[in-house]
Amino acid sequence: MSVRGHLVAFFKCTVLLSLRMLILVPTGLPVRSQGDSQADNTVMDNITVRQGETVFLRCAQGDVVTHTAWLNRSSILYAGEDKWSVDQRVSLVTLNQEEFTIKIENVDMTDEGQYVCAVQTSSRPRTTSVHILVQVPPKIINLSRNIIVNEGANVTLMCQASGKPEPSISWKLISSSGDLASDDEYLEIPSITRQRAGRYECTAVNDIDTDVQTVDITVNYPPTVSEGRDVGVTLGQRGVLECEADAVPEADFEWYKDDRRIFSGFDGVEILNSGSLSKLSFYNVSDGDYGNYTCIAINSIGSSNTSFLLFVVIEPTSSTLLQGPRAVQDGNGGATGIHAHSWLLFIALLPFLLRF
């Protein structure tokens with residue numbers, strides 16, 4: 001170190017020692033009014049400021065002030081107009097016979113603590129101390145990730161937040177019912193069901209602000225297939241069998257006729273799967289298409305099935321339409337009706353025939 005550097009360091013040490021003796025307290029101890037007859041020690045009300053804001057520290061002066069300084073704990077911020085702090089956020093606002101004011105911009109938690117304005121007059125030293133309290137909005141710092149579980153598993157969600165005052169934590173399931181909630185960092189869900197799947201919201205609140213984040217829970221469960229509906233189709237017409245399954249993850253579908261699996265594009269049929277619905281379409285139903293069909297829905301958790309019957313519907317003919325709804329449909333077709341009319345006619349004419 002050069003000679004000049006030694007002199008500067010010696011000067012700063014001398015000034016710091018003088019200021020410590022001026023405020024009559026050991027290093028690092030808070031200033032409190034001692035009732036000392038040789039010094040006036042004033043404690044001002046606490047200053048509460050939010051993180052990120054600017055705080056102004058004001059100190060009254062006087063006509064006979066010879067030296068003045070602002071200190072933070074044991075560090076000198078300003079000695080008169082000379083800035084000792086290397087912090088760019090600290091700057092001088094006013095220094096005159098009435099007041100000595102500095103400001104600290106973008107206040108953070110590290111700025112919290114006691115500040116002392118030391119004033120030396122021609123008669124006695126005088127100090128004014130003030131305590132800065134920094135309020136910090138809540139911030140969620142530790143949150144469970146999105147999870148995928150099987151139905152019946154035990155689930156625990158965690159949400160932790162920082163802030164000052166200390167934030168309160170709450171959980172809720174975002175749904176129409178909204179019947180699941182907790183006022184704790186941890187949300188316990190034993191034996192989770194598919195109805196408990198969805199988006200969960202963690203809220204951290206204090207007097208300053210609110211922070212909200214969400215977690216998604218996906219609950220896997222095996223397929224449940226809706227009961228099959230039998231379908232009647234006229235020969236040569238188009239027919240469709242529909243199979244619907246509720247499952248997470250979405251189910252894959254397989255179609256069978258008796259014990260033979262059916263593939264799309266073969267034997268004049270097409271299989272179209274869309275989400276939870278599968279359709280087996282016949283574009284030109286033949287005699288061989290009639291019969292029993294089985295739809296099987298499968299996912300990684302399990303499977304389920306249902307059965308269908310594709311049956312024939314006989315299309316009305318022109319002769320049946322002419323006979324009307326009372327026509328007798330038997331093995332002789334319309335002949336039975338003709339014979340009955342002939343017999344009635346014979347009985348009606350019999351008395352006339354007997355006269356001859």
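Here's what I pulled together on the structure shown here. (Residues numbered from 1 in each chain as written. Predicted model: local features only at pLDDT ≥ 70, side-chain atom pairs only at ≥ 80, totals over all residues. Heavy atoms only, no water.)

So, on to the overall build of the protein chain. Check the secondary structure of the protein chain and you find 3 helices and 25 strands. The buried share of the protein chain, reckoned over its 356 residues, is 32%. Residue pairs in contact within the protein chain that sit at least 24 positions apart in sequence constitute 63% of those at least 6 positions apart. Entry remark: accessible area of the protein chain is about 21,800 Å², with carbon and sulfur atoms responsible for 52%. (Helix = DSSP H or I, 4+ residues; strand = E, 2+ residues; numbered from the N terminus. Buried < 20%, exposed > 50% of the residue type's maximum accessible area, 1.4 Å probe, protein only. Contact = heavy atoms within 4.5 Å. Areas by Shrake-Rupley, 256 points an atom, 1.4 Å probe, with all protein chains shown as cover.)

Core analysis: the biggest nonpolar cluster contains 22 residues, and L241, W255, L280, F282, Y293 and L310 have the highest contact counts within it. Elements supplying a minimum of two residues to this core: strand 18 (231-233), strand 19 (239-248), strand 20 (252-257), strand 22 (269-274), strand 23 (277-282), strand 24 (291-298) and strand 25 (303-312). A total of 4 residues in this core trace back to one element, the largest contributor, which is strand 19. Setting aside anything within four residues of it in sequence, one finds L280 in contact with G239, V240, L241, W255, I262, V269, E270, I271 and Y293. Counting 19 residues, the second largest nonpolar core, distinct from the first, contains F100, V107, Y115 and V134. (Core = buried A, V, L, I, M, F, W, Y, C linked by side-chain atoms within 4.5 Å.)

Applying the stated criterion to the full structure yields 11 salt bridges. Of the charged contacts, one joins E151 and R194 as a salt bridge, the two residues approaching to 3.0 Å between their closest N and O atoms. One end of the pair, E151, is in the loop between strand 11 (147-150) and strand 12 (155-164); the other, R194, is in the loop between strand 15 (186-189) and strand 16 (198-205), with 43 residues separating them in the sequence. Since its relative accessible area comes to 32%, E151 is described here as partly exposed. In this structure R194 comes out as partly exposed when scored by relative accessible area, which is 26%. Taking the shortest distance from any N to any O, the salt bridge between R260 and D267 comes out at 3.5 Å. (Salt bridge = Lys/Arg side-chain N within 4 Å of Asp/Glu carboxyl O.)

Attention now moves to the sheet that holds strand 18. Ordered by their spatial adjacency, 5 strands build an open sheet running 18-25-24-20-21, and the pairing between neighbours is mixed. Edge strands, defined here as strands with exactly one partner in the open sheet, are strand 18 and strand 21 (260-262). This sheet shows a mean twist of 30 degrees between the axes of neighbouring strands, independent of strand direction. In terms of strand pairing, strand 24 meets strand 25 through 8 bridges, oriented antiparallel. Opposite I298, over in strand 25, you have S303 as the bridge partner. (Pairing = 2+ DSSP bridges. Axes fitted to C-alpha atoms, helices over the stretch in contact; angles between N-to-C directions.)

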